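# Summary of structural features
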Amino acid sequence: MSRFLAVAAAAAAMLALTPAAGIAQSRGYYSATPATAPEKASLVTRSTIWKCAGGTCTASKANARDGIVCELVAREVGTLTAFRANGTDFDADALAKCNAKAR
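Summarised in this report is the structure supplied together with it.

Rules behind the numbers
Sequence positions are assigned chain by chain, starting from 1 and proceeding in written order. In keeping with the model being predicted, local features are shown solely for residues with a pLDDT of at least 70 and side-chain atom pairs are shown and tallied solely at 80 or more, while totals for entire chains, interfaces and linings include all residues. Based on all heavy atoms of the structure, the side-chain values leave hydrogens and waters out of the count. Only DSSP runs of H or I reaching four residues or more are called helices, and only runs of E reaching two or more are called strands; each is numbered from the N terminus. To sort residues, take the accessible area from a 1.4 Å probe on protein chains only and compare it with the maximum for the residue type: under 20% means buried, over 50% means exposed, and anything in between is partly exposed. Residue contacts follow a heavy-atom distance rule, with two residues in contact if any of their heavy atoms lie within 4.5 Å. Surface accessibility in these figures is a Shrake-Rupley result with a 1.4 Å probe; residues are shielded only by whichever protein chains are displayed. For a helix, the expected span equals 1.5 Å multiplied by the number of residues minus one.

Another aspect to go through is the overall build of the chain. Scanning the chain from N- to C-terminus turns up three helices and six strands. The linear arrangement of helices and strands in the chain, starting from the amino end, is α-β-β-β-β-α-β-β-α. For the chain, the residues scored as buried account for 27% of the 103 residues in total. Across the chain, the fraction of contacts at a sequence separation of at least 24, relative to all contacts at a separation of at least 6, is 59%. When the accessible surface of the chain is totalled, it reaches about 6900 Å², and 57% of it is carbon and sulfur.

Okay, here's the thing in structure tokens:
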């Protein structure tokens, strides 16, 4: 019986940690690093909510192409030094195209 309780306790601990990892991933589909830290801790581009901290802004997946999302956030925060979508960094050409829309 004590062996069953130990297994059940371990399973419960794993389940308790699983939702937190899922939440962190859903908030970080996009990551934008502005050249100058944003003045606000959050901003909205169309229907995408961005949270900014430590010089980086993150957001959940949007219903637009990644390039469009990059351009929209660049319009709000200015030139970006980096942009990542779904774990993939934009290359220099894609980032330059995005920054053409920066404020």
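Next, the rest of the story.
Quick look at helix α2 (residues 66-77) now. For α2, built from 12 residues, the straight-helix expectation of 16 Å at 1.5 Å per residue is met to within 8% by its first-to-last C-alpha distance of 17 Å. All of the buried residues along α2 are V69, C70, E71, L72, V73, A74 and V77. The secondary structure elements touched by the buried residues of α2 are β1 (30-34), β2 (42-45), β3 (48-53), β5 (80-85) and α3 (92-99). The first or second residue beyond α2 is G78, which carries a positive phi of 95 degrees.

From the geometry alone we can't say anything about function, so treat these as descriptive.
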